[in-house]
Amino acid sequence: MRISSLKAAAAAALMTVSLAAPGLAQAEEKKTHSFQMATGWAGGPLMDIGAQAFADKVKELSDGRITIEVFPAGTLGPGLKVSETVKNGVAQFGHTWAGYDWGADPTAVLFGGYAGSFDTERMLHWLYRAGGAELQAEWRMDKFDLVSMPLFIRTAEVFLHSRKSVKTLEDLQGLKLRTAGAWLDISRGMGAAPVTMPGGDVYTALERGAIDATEWGTLWENIAPGFHRVTKYVIIPGIHQPTAPFELVINKDAWAELSEGDQQIVREAAFLTTMNSWLTIGQEDAKALEFFREQGNEVVELDPEVQYAAHEAGIAWADGIAADNEWFKRVLDDQKAFAKLWSGANRYRTVQVRGE
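All values reported here derive from a predicted model rather than from experimental measurement. Along each chain, residues carry numbers from 1 onward, in the same order as the chain's sequence is written. Given that this is a predicted model, residues contribute local features only at a pLDDT of at least 70 and side-chain atom pairs are listed and counted only at 80 or more, while totals for whole chains, interfaces and linings are drawn from all residues. Derived side-chain values reflect all non-hydrogen atoms in the structure, with water molecules and hydrogen atoms excluded from consideration.

1. Let's talk about the pairing of strand E2 (residues 66-71)
1) Next: The pairing criterion for strands is at least two bridges between them, as found by DSSP. A run of DSSP states H or I qualifies as a helix once it reaches four residues; a run of E qualifies as a strand once it reaches two. Both are numbered from the N-terminal end. Direction of pairing for strand E1 (residues 33-39) relative to E2: parallel, over a ladder of six bridges. What sits directly across from phenylalanine 35, in E2, is isoleucine 68.
2) Next: Seen with its strands pointing away from the viewer, a crossover is right-handed when the path leading from the first strand over the helix to the second is clockwise. Where the polypeptide runs from E1 across helix H2 (residues 45-61) and back to E2, its parallel neighbour, the crossover connection is right-handed.

2. Brief notes about empty space enclosed by the protein
1) Next: Every definition here rests on a 1 Å grid over the protein atoms only: cavities are sets of points where a 1.4 Å probe fits but cannot get out, pockets are open sets enclosed by protein on both sides within 12 Å along at least five of seven lines, and lining residues have some atom within 4 Å of a point. Grid points are joined across faces, edges and corners, and a volume is the space filled by probe spheres set on the points. In the structure shown here, the tally under the stated rule is three cavities of 30 Å³ or more.
2) Next: Empty space within the largest cavity amounts to approximately 120 Å³.
3) Next: Around the largest cavity sit 13 residues that line it, and Trp97, Arg154, Glu157, Glu215 and Trp216 are the ones nearest its centre.
4) Next: When the residues that make up the lining of the largest cavity are grouped by side-chain class, the tally is eight nonpolar, one polar and four charged. When residues are sorted by character, Ala, Val, Leu, Ile, Met, Phe, Trp, Tyr, Cys and Pro go into the nonpolar class, Asp, Glu, Lys and Arg into the charged class, and all the rest, Gly among them, into the polar class.

3. Structural notes on the sheet that holds strand E7 (residues 193-195)
1) Next: Spatially, six strands are ordered E7-E6-E8-E5-E9-E11 in an open sheet, and the strand pairing comes out mixed. The outermost strands of the open sheet, each flanked by one partner alone, are E7 and strand E11 (298-301).
2) Next: Direction of pairing for strand E6 (residues 176-178) relative to E7: parallel, over a ladder of three bridges. The partner of leucine 177 across the bridge, within E7, is proline 194.

4. Focus: unusual backbone geometry
1) Next: At the junction of isoleucine 236 and proline 237, the peptide bond is cis and its omega measures out at -5° in the coordinates.
2) Next: Mapped onto the secondary structure, proline 237 falls in the loop between strand E9 (233-236) and strand E10 (244-251).
3) Next: Backbone geometry at aspartate 63 places phi at a positive 55°, although glycine is not the residue there.
4) Next: By the element assignment, aspartate 63 lies in the loop between H2 and E2.

5. Observations regarding the layout of surface pockets
1) Next: Estimates place the volume of the largest pocket at around 340 Å³.
2) Next: Taken together, the residues of the lining of the largest pocket sort by class into 10 nonpolar, two polar and three charged.
3) Next: The space that makes up the second largest pocket amounts to roughly 290 Å³.
4) Next: What lines the second largest pocket is a set of 14 residues, and nearest its centre among them are Gly116, Ser117, Phe118, His311 and Ala339.
5) Next: Looking at the lining of the second largest pocket, the elements with two or more residues in it are helix H5 (120-129), helix H12 (304-322) and helix H13 (326-341).
6) Next: With four residues, the top contributor of residues to the lining of the second largest pocket is H13.
7) Next: Partitioned by chemical class, the residues of the lining of the second largest pocket number seven nonpolar, four polar and three charged.

6. Concerning the sheet that holds strand E4 (residues 146-154)
1) Next: Spatial strand order, E2-E1-E3-E10-E4: five strands in an open sheet with mixed pairing. Each edge of the sheet is formed by a strand with only one pairing partner; in this case those strands are E2 and E4. Within this sheet the neighbouring strands show an average axis-to-axis angle of 25°, counted without direction.
2) Next: Sitting on the sheet, helix H11 (residues 260-294) is in contact with E1, E2, strand E3 (93-96), E4 and E10, with an inclination near 20° to E4. Here the axes come from fitting lines to C-alpha atoms, over the contacting stretch only for helices, and the angles between their N-to-C directions go from 0 to 180 degrees. We call two residues in contact when some of their heavy atoms are within 4.5 Å.

7. Topic: the packing of H5 against H11
1) Next: It is at 12 Å that the axes of H5 and H11 come closest, and there the two elements cross at 170°. The orientation of H5 with respect to H11, classified from their angle, is roughly antiparallel. Contact residues: H5 offers Thr120, Leu124 and Tyr128, while H11 offers Ala270, Phe271, Thr274, Met275 and Trp278.
2) Next: Classifying every residue of the contact of H5 with H11 by side-chain character gives six nonpolar, two polar and no charged. Between 65 and 115 degrees an angle is taken as roughly perpendicular, under 35 as roughly parallel, over 145 as roughly antiparallel, and anywhere else as oblique.

8. Some points on the environment of tyrosine 203
1) Next: Inspection of the secondary structure assignment puts tyrosine 203 in helix H9 (residues 202-208).
2) Next: Measuring from C-alpha to C-alpha, the distance between tyrosine 203 and serine 162 comes to 11 Å, with 41 residues separating the pair along the chain.

9. Considerations on the pattern of salt bridges
1) Next: Every case where a carboxyl oxygen of Asp or Glu lies within 4 Å of a side-chain nitrogen of Lys or Arg is listed as a salt bridge. Tallying each qualifying case throughout the model produces 18 salt bridges.
2) Next: With a closest N to O distance of 3.9 Å, aspartate 212 and lysine 164 form a salt bridge. Note that aspartate 212 is positioned in the loop between H9 and strand E8 (213-214) and lysine 164 in the loop between strand E5 (160-162) and helix H7 (169-172), a separation of 48 residues in sequence.
3) Next: Of the residues examined, lysine 164 reaches a relative accessible area of 44% and is grouped as partly exposed.
4) Next: Glutamate 290 is the partner of arginine 293 in a salt bridge, and the nearest nitrogen-oxygen pair spans 3.9 Å. In this scheme, a residue with accessible area under 20% of its type's maximum is buried, one over 50% is exposed, and one in between is partly exposed, where area comes from a 1.4 Å probe on protein chains only.

Read these as geometric descriptors, not functional statements.
In structure tokens form, the structure reads like this:
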């Protein structure tokens, strides 16, 4: 009787497990997701090795379970208002430059780069190893109710593609230039006449003479929009933008739909895309200077005094904003502490060679 009872109990247990198994298997099955991404770009490297490359990497890492359809600027919302498009749920993901939101909170430019920023190598270390990305995520959620992380980063930009030669502080006076973020205020203080507009409008404005000059991206990135065809001068280096990190913003409800494992896939894809963008742009920039010369452009290097003045103006601007903005001060103080830690880095990281 005892053996029979045990057999009966085992059979009943097996029956229960068998009946429950389909439900358990379904619960454990990984979900599929389909999202849309708004961007601030009409095309070019920001799209190709930025937004689209990220979407492709997410699909790859998730074995095709998570797909993100990428849309150019203006399709789902204005190119300068990607964060708003995502917050409102028109798109679940967005690729933008944080500095576009400087009007809502100037802290944005500290995460997007400005005239007082350190270089890209230091920015990457600050973001990924010194808590910068965590600060950025906290700030975005607090001020904009969005999930945020770095996605794509540039080396120093071209200062200007210009119809006029710009080399000295005198040359900057009254210059009508297209820009964005903090450089609108800083360059105005240095005597320029800045305006802002989406990247897709810049070529026509240059061609028609509505503006004298524009900043946009790095040497290589600026080949795609063709600014060299309607300007004669390439002005370097990018005193307004020693580095330019870009940003992935995600609607918090869409983020909550993802499991912890899938959230980690998104983070990993963003990190890999960011590092790849830096490496690719660095290599292609090295080739691009000669391209512009071959196209008949004249490459002009700004006088050292202009470079010093821009950096100092950027620092002064930031210190002024920090006096009245708690978030700005918190991030700026953190960046200053990092800069102090790295202040001697050039002595042990850079070997001087003749002819450089």
